[in-house]
Amino acid sequence: SQNSPEIPNIGTRAHMVNGAIADFLANHPALELGGEKGFCVERRQHMEVFALHKIPQSKVNPIGEVEFTAIRGPHGTIPFRVLYPRSGEGRRQKGDAGALVYFHGGGYSVGTVDEFENGLRLVAEESGCQVSRKLQAVEVRCSLRQVYAVDYRLAPEFRYPTQLDEYSSVIDWLQTEGFRSRGVNPDRIAGGGDGAGGNMTAAVCLRRLDEGKKPLAAQILLYPETRLPFETPAAKENNSGYYLQCNGIFSFGSHYLPRPNGKL
């Protein structure tokens, strides 16, 4: 009605897509997330475009060292990669390096560490900044000098809480055992992720709080998936045509969350 207040503008959303991103989308028209082709096809397409072995060598970000390892988790082996940057070698030698346990995005159903390693290499080498928060009046500083990129089990083959179980297992291992041989300060371990990975980072922190476990020193949440439905101006304006299909986000939730009757 005429008396209804107008919804104020929130944030500073751009009126057009960044030129480089627009060019990338134009050059990869089949690449999408949450589309009608389904997650099986999207898994293959993402590997073909983003996997480290598919990237020209000139565009691969340098890194000091990459360790391929795994631990035994509650649902089987949990593989992950540890990215050791040259910039953090001094802290590593002193046993005072910070660490970031990273869960990648992809709607819980798409994505592998192969597709995220190149970007995380850059995060590892360039993370000279300090991430801090107040915890019981003690300032905790996390210099993100190592990145632990986890290849967690994907939905819908594996549903909640499988992914959180694996996330928490990696944190437990790093806080109690893994830090010793990798030069990590156990009080400087952060968690992070993008999209679905951001959701799981926030969720695992809340769960660890409820369980009385040692918390993470910080959370780094990149556009985390935090609620359904998505009745927001951004969702309406960018419903389709920009890689992430907004309506497909509902399928992400359907893949990840357990069925009401307990059946998969």
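Look up a bit, the structure's there.
Described below are features of the structure shown in this document.

Here is what the cut-offs are and how they apply
- Numbers given for residues are sequential positions, taken from 1 along each chain in its written order.
- Local features in a predicted model are, by the rule used here, given only for residues with pLDDT of at least 70; side-chain atom pairs are given and counted only at 80 or more, and totals for whole chains, interfaces and linings are based on all residues.
- In computing side-chain values, all of the structure's heavy atoms are included and hydrogens and water are not.
- Secondary structure follows DSSP: runs of H or I at least 4 residues long count as helices, runs of E at least 2 residues long count as strands, and numbering of each begins at the N terminus.
- Exposure classes here rest on a 1.4 Å probe applied to the protein chains alone. A residue is buried below 20% of its type maximum, exposed above 50%, and partly exposed in between.
- Contacts are assigned to residue pairs with any non-hydrogen atoms lying within 4.5 Å of each other.
- Here the accessible surface of atoms and residues is derived via Shrake-Rupley with a 1.4 Å probe, and residues count as covered only by protein chains that are part of the display.
- Helix axes are fitted only over the stretch in contact, all axes being lines through C-alpha atoms; the angle between N-to-C directions runs from 0 to 180 degrees.
- By the definition adopted for this analysis, an angle is roughly parallel if under 35 degrees, roughly antiparallel if over 145, roughly perpendicular if from 65 to 115, and oblique otherwise.
- Note: crossing handedness is left-handed where the near helix turns anticlockwise from the far helix by less than a right angle, and right-handed where it turns clockwise.
- Nonpolar residues are Ala, Val, Leu, Ile, Met, Phe, Trp, Tyr, Cys and Pro. Charged residues are Asp, Glu, Lys and Arg, and all others, Gly as well, are polar.
- For a residue, the bend is simply the angle between two axes, fitted respectively to the seven-residue segment ending there and the seven-residue segment starting there.

1. Section: the overall build of the protein
Helix and strand content of the protein: eight helices and seven strands. Here the protein holds 264 residues, and 44% of them are scored as buried. The contacts in the protein between residues at least 6 apart in sequence include a share of 72% that link residues at least 24 apart. Accessible surface, the protein as shown: approximately 14,500 Å² in total, 54% of it carbon and sulfur.

2. Quick notes on the packing of helix H5 (residues 162–182) against helix H6 (residues 196–211)
Each pair of packed helices gets described by two things: the angle between the helix axes and the distance between those axes. At a minimum axis distance of 10 Å, the contact between H5 and H6 shows a crossing angle of 65°. It follows from the interaxial angle that H5 and H6 lie roughly perpendicular. Read as a crossing pair, H5 and H6 show a hand that is right-handed. In contact with Gln163, Leu164, Asp165, Tyr167, Ser168, Ile171, Asp172 and Gln175 of H5, H6 contributes Met200, Thr201, Ala203, Val204, Arg207 and Arg208. Residues that form the contact of H5 with H6 fall into these classes: six nonpolar, four polar and four charged.

3. Notes on H5
The sharpest bend along H5 measures roughly 55° and falls at Leu174. Counting buried residues along H5, 16 of its 21 residues qualify, which places the element largely inside the surrounding structure. Two residues or fewer after H5 comes Gly183, characterised by a positive phi angle close to 70°.

4. Looking at unusual backbone geometry
Cis peptide bonds are those with omega within 30 degrees of zero, and the linkage from Ala155 to Pro156 qualifies with 0°. Along the chain, Pro156 turns up in the loop between strand S5 (138–150) and H5. Of note, the bond from Tyr160 into Pro161 is cis; its omega dihedral lies within 30 degrees of zero at 5°. Topologically, Pro161 is positioned in the loop between S5 and H5. Its identity is not glycine, yet Tyr108 carries a phi of approximately 70°, on the positive side. Tracing the backbone shows Tyr108 in the loop between strand S3 (97–103) and helix H4 (113–126). The backbone of Tyr223 sits at a positive phi, close to 35°, despite the residue not being glycine. Topologically, Tyr223 is positioned in the loop between strand S7 (219–222) and helix H7 (233–237). Given the relative accessible area of 64%, Tyr223 is considered exposed.

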